[in-house]
Amino acid sequence: MKKNRYLKVTLLSFSFIFCFNAVSIAQSETGKSSIVNEVESFFSHQPFENAYLQFDKPYYAAGDTIYFKAYVTEGEQHKPSEMSGVLHVDLIDPENKIDQSIKLRLDSGFTWGDFALAESLPEGNYRIRAYTQLMRNYGESDFFYKTITIGSIVNDEKTQNPAQPLQNISQKPDLQFFPEGGNYVTGVHSKIAFKAIDENGSGINVNGIILDNKDDEVCQFQSTHLGMGYFFLNPEKGKTYKAALNFANGIQDTVNLPKSDTSGITLSVNNNSNSVISFKLSVSDTYIIANRHKTFLLFIYSGGKAISYNFNLDAQTITLDMQKHLLLGGITKVTLFSPDNEPLCERLFFIQNNDQLNLRINADKTAYITREKVNLQLNAKDQADSSVSGHFSVSVIDENEEPGDEKNERTILTDLLLTSDLKGYVEHPGYYFSDTSDIARRNLDILLMTQGYRRFKWKQVMDTSYTPLSFGVEKALMIKGKVTNLYGMPLANATVNLIPSQTRILLSTKSDDKGLFRFSNLDFTDTTHFILNAVNSKGRNSIKFTYFQNEEEPFIIANKKYSLSTVSDSGMTVYLDNAKKAQEESGHLKGKLLKPVILKGKMSLDNHYQTESLAGAGNADQVMHADEIERIGGQLGTSLNGRLYGISFVNGVPSLSPPLSTVPMIVVIDGVQVNRETSNGNISGFDVNAIPSSQVETIEVLKNASASIYGMGGGNGVLIITTKQGVYPDISSVGVLPIAPMGFYKARAFYSPKYDHTNVNSKQPDLRSTIYWNPGIKTDQDGNATFDYYNADGKGIYKVTIEGIDDNGNVGRVVYRYKVD
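As a starting point, this report considers the structure included with it. (Residues numbered from 1 in each chain as written. Predicted model: local features only at pLDDT ≥ 70, side-chain atom pairs only at ≥ 80, totals over all residues. Heavy atoms only, no water.)

## Some remarks on the side chain of T111
Along the polypeptide, T111 turns up in strand β10 (residues 110-116). With relative accessibility at 7%, the residue T111 sits in the buried group. A polar side-chain atom of T111 sits 3.0 Å from the main-chain carbonyl oxygen of R105. Dropping the residues within four chain positions of it, T111 is found in contact with K69, A70, L87, L104, R105 and L106. (Helix = DSSP H or I, 4+ residues; strand = E, 2+ residues; numbered from the N terminus. Buried < 20%, exposed > 50% of the residue type's maximum accessible area, 1.4 Å probe, protein only. Polar contact = N/O pair within 3.5 Å; in protein donor to acceptor, adjacent residues only side chain to side chain. Contact = heavy atoms within 4.5 Å.)

The following block contains the structure:
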């Protein structure tokens with residue numbers, strides 16, 4: 001045996017570099033490595049944020065309200081972000097279209113909101129996504145996405161084909177192999193992980209054998225969790241390998257393994273110890289001959305902290321041991337670099353240091369009765385047992401009404417510590433935190449071998465010519481647009497005024513050389529209306545405005561996981577049955593939905609559509625929807641002529657047909673009246689041809705009594721145009737332009753009844769599934785916070801879930817259950 005074939009080193013001293021602060025605690029003799037410098041530089045130019053939303057309950061039905069608390073953190077240390085001031089949250093329907101969209105004001109990384117679900121909402125798998133403008137720089141996969149199953153109790157008829165994850169056994173499952181560290185080498189004993197997924201991306205169990213090119217069996221293997229597993233292989237010179245597979249759905253297949261490298265080095269990680277992490281480097285005979293005594297670099301990146309260690313390649317097997325307490329909890333990335341700073345091997349592993357917040361719930365009693373007041377106290381401490389102040393949200397549900405599945409749960413721990421740094425979809429993320437067994441830890445290690453780190457690639461880090469960010473930090477709201485003369489030429493140095501309708505405050509700005517203007521750092525709610533006016537540099541007001549109504553919406557990632565109907569789920573079935581029972585007992589059960597009925601004078605009794613009409617949906621004399629409008633095509637005014645009853649369009653300006661009136665109708669676009677009263681008291685005309693027909697969601701016609709809600713001007717009729725949300729880009733007018741931009745959404749207060757001696761025995765049933773929701777819990781300097789609420793009429797087990805984060809980015813979650821008789 002050769003000398004120095006095996007070398008073991010215990011790493012007790014490192015060069016510690018905090019990438020975000022660029023603070024060096026200790027340095028090696030050679031100073032900072034260039035790799036550390038490049039990582040520091042990369043993150044200083046490429047800041048990023050993560051978003052996580054906690055919801056009040058796991059299931060919803062049409063007619064419910066979805067309540068949520070949002071946490072936005074900065075970087076991998078998970079500190080509450082001070083960067084962005086606006087969070088965008090969308091409710092996406094099963095056809096991947098935005099059903100509702102709101103903007104929320106972020107206060108040091110925290111906010112909360114809700115979506116009220118219409119009782120007529122079709123059942124299915126909806127999704128909620130949340131993002132900041134800064135997150136858009138890294139693609140939609142960086143957004144927070146969560147599938148929300150919404151059922152319906154309006155129609156008793158069951159879905160004929162309740163949705164299951166899409167299955168088509170005619171398609172072969174996909175199986176990929178992942179050599180530990182990224183490659184495997186001839187003559188080196190290697191661990192190879194694998195993952196088998198079906199056509200929907202779900203894991204599917206598989207077993208099989210590895211055969212060499214002579215069809216001799218080398219080893220057997222079998223998946224241990226969600227289609228994942230591993231085996232060991234020592235590839236021999238001149239041989240190739242293949243796998244004969246048997247999938248759980250009965251399909252058999254044979255796939256080739258990737259070819260082994262003829263010469264090289266491998267990296268393996270042993271994460272089985274509770275206190276030590278071991279890195280093993282194995283080298284082929286030819287590689288060590290060519291690289292003996294050269295200096296290599298082991299680079300460890302843990303929660304924003306970089307640790308580097310230089311060592312000489314003096315043996316074919318080198319083991320480096322490191323104390324786990326030096327690393328932060330969560331995903332750690334270790335990379336081996338060559339003497340020329342080329343990344344050779346890379347591996348992810350998970351650190352469970354119990355450095356999360358220690359949250360405890362103290363109750364005034366161990367058991368309660370229905371409608372009794374419950375007093376709870378939250379105590380928060382860090383890993384050093386010191387009290388911490390932090391921000392938390394609490395949800396209390398009746399588990400008999402809302403049975404959950406902890407292995408499927410997404411929590412603040414699973415999102416911020418695990419899935420936010422991994423590529424692709426992670427099944428059953430809660431399993432890796434709720435199950436603390438050695439088997440679960442090993443399965444988590446296999447997960448990290450198969451789903452790579454997505455936060456950065458070394459090619460990006462080493463390319464120091466950083467591309468400027470396309471989307472800057474959005475601190476507040478903005479109103480912007482363009483001013484031109486009546487011939488469309490941009491006007492520079494024009495004075496543009498912004499006047500809120502509810503106050504006398506006047507904001508002014510100047511247009512630039514392209515006629516563009518903007519009002520920044522605005523803070524207003526979504527019920528605020530404004531008026532824009534302007535004068536040119538000579539003081540004249542014959543100016544045309546173009547108000548940029550919406551920024552371009554981010555691309556919506558298609559939801560291929562499930563079909564359009566509600567997922568078949570036993571928990572959802574229980575929830576819907578209980579929701580129906582609650583409505584029956586309260587006397588508020590809605591009847592079945594009826595097909596639209598065409599009435600004289602009305603296009604249809606259609607009252608379930610998106611509208612900005614003051615009269616509300618279903619009160620128009622005629623309604624046209626997007627599919628019909630798009631089918632007609634052409635200019636909007638031209639295509640509507642003869643199709644809107646009793647309305648004529650002249651040069652795109654609508655008016656009631658003679659003999660009723662020749663005066664232009666009021667035109668309202670997305671809730672804003674875009675034509676104004678002239679000096680002689682008449683209403684100016686508005687050319688609807690300025691709006692592409694493909695961007696219109698609904699058109700409503702109000703006449704006579706239906707239009708009275710718009711005042712005296714409504715006597716000439718009102719044409720209400722609601723555009724597809726986030727698509728119609730601008731509105732134009734001359735001289736003065738009323739606008740109603742989307743402001744910050746004001747969250748609804750969660751209703752929690754209070755029972756005292758006067759109403760505790762009320763016969764009105766209380767069958768709430770969410771007993772209590774409070775997104776604004778804050779602990780004091782002693783780590784304490786108290787809250788109280790009243791139980792409902794449901795008996796059984798109530799589940800209290802508290803999640804949150806402290807000012808230093810330490811996250812925590814606690815679940816407490818109590819019995820109600």
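Here the narrative resumes, following the displayed structure.
## With respect to the sheet that holds strand β33 (residues 507-510)
Strand order across the open sheet formed by four strands is β33-β32-β35-β45, with antiparallel pairing between neighbours. Taken across any chain shown, the strands that pair with only one partner, and hence form the sheet edges, are β33 and β45 (736-739). Sheet twist, expressed as the average angle between the axes of neighbouring strands with direction ignored, equals 20 degrees. (Pairing = 2+ DSSP bridges. Axes fitted to C-alpha atoms, helices over the stretch in contact; angles between N-to-C directions.)

## Considerations on helix α5 (residues 438-450)
Taking 1.5 Å per residue, 13 residues should reach 18 Å; α5 reaches 19 Å between its end C-alpha atoms and fits that length. Buried positions along α5 lie against β13 (174-179), β14 (190-197), β17 (228-233), β25 (330-337), β26 (343-351) and α4 (431-434). (Expected span 1.5 Å × (residues − 1).)

## Focus on the sheet that holds strand β49 (residues 811-820)
If you trace the five strands from one edge of the open sheet to the other, you get β28-β49-β48-β30-β46, paired in mixed fashion. Every other strand in the sheet has two partners, leaving β28 (367-368) and β46 (770-778) as the edge strands with one partner each. Relative to β49, β28 is paired through two bridges, and the arrangement is parallel. Bridge pairing in β49 links A367 to K819.

## Details of empty space enclosed by the protein
Where empty space is left becomes clear once a probe the size of a water molecule has been rolled over the atoms. One pass over the structure, following the stated rule, counts two cavities of 30 Å³ or more. If you add up the space inside the largest cavity, you get close to 90 Å³. Taken together, 13 residues line the largest cavity, and the ones lying closest to its centre are E76, H78, G303, I331 and D421. Secondary-structure elements contributing two or more residues to the lining of the largest cavity are β25 and α3 (412-417). Among the elements that line the lining of the largest cavity, the one with the most residues is β25, at four residues. Taken as a whole, the second largest cavity holds about 50 Å³ of empty space. Contributing to the lining of the second largest cavity are K195, L226, M228, Y425, V426, E427, Y432, L447 and Q451. The residue makeup of the lining of the second largest cavity, split by class, is six nonpolar, one polar and two charged. (1 Å grid on protein atoms, 1.4 Å probe; cavity = no way out; pocket = protein on both sides within 12 Å on 5 of 7 lines; lining within 4 Å. Points joined across faces, edges and corners; volume = space filled by probe spheres on them. Nonpolar A, V, L, I, M, F, W, Y, C, P; charged D, E, K, R; others polar.)

## A closer look at the pattern of salt bridges
Evaluated as defined, the whole model comprises 24 salt bridges. Where K172 meets D253, a salt bridge forms, and the shortest distance between an N and an O atom there is 3.5 Å. Placement of the pair is K172 in the loop between β12 (144-151) and β13 and D253 in strand β19 (residues 252-256), with a sequence separation of 81 residues. For K172, a relative accessible area of 55% puts it in the exposed group. If you follow the salt bridges from partner to partner, you end up with E409, K799, E803 and R813 in one network. (Salt bridge = Lys/Arg side-chain N within 4 Å of Asp/Glu carboxyl O.)

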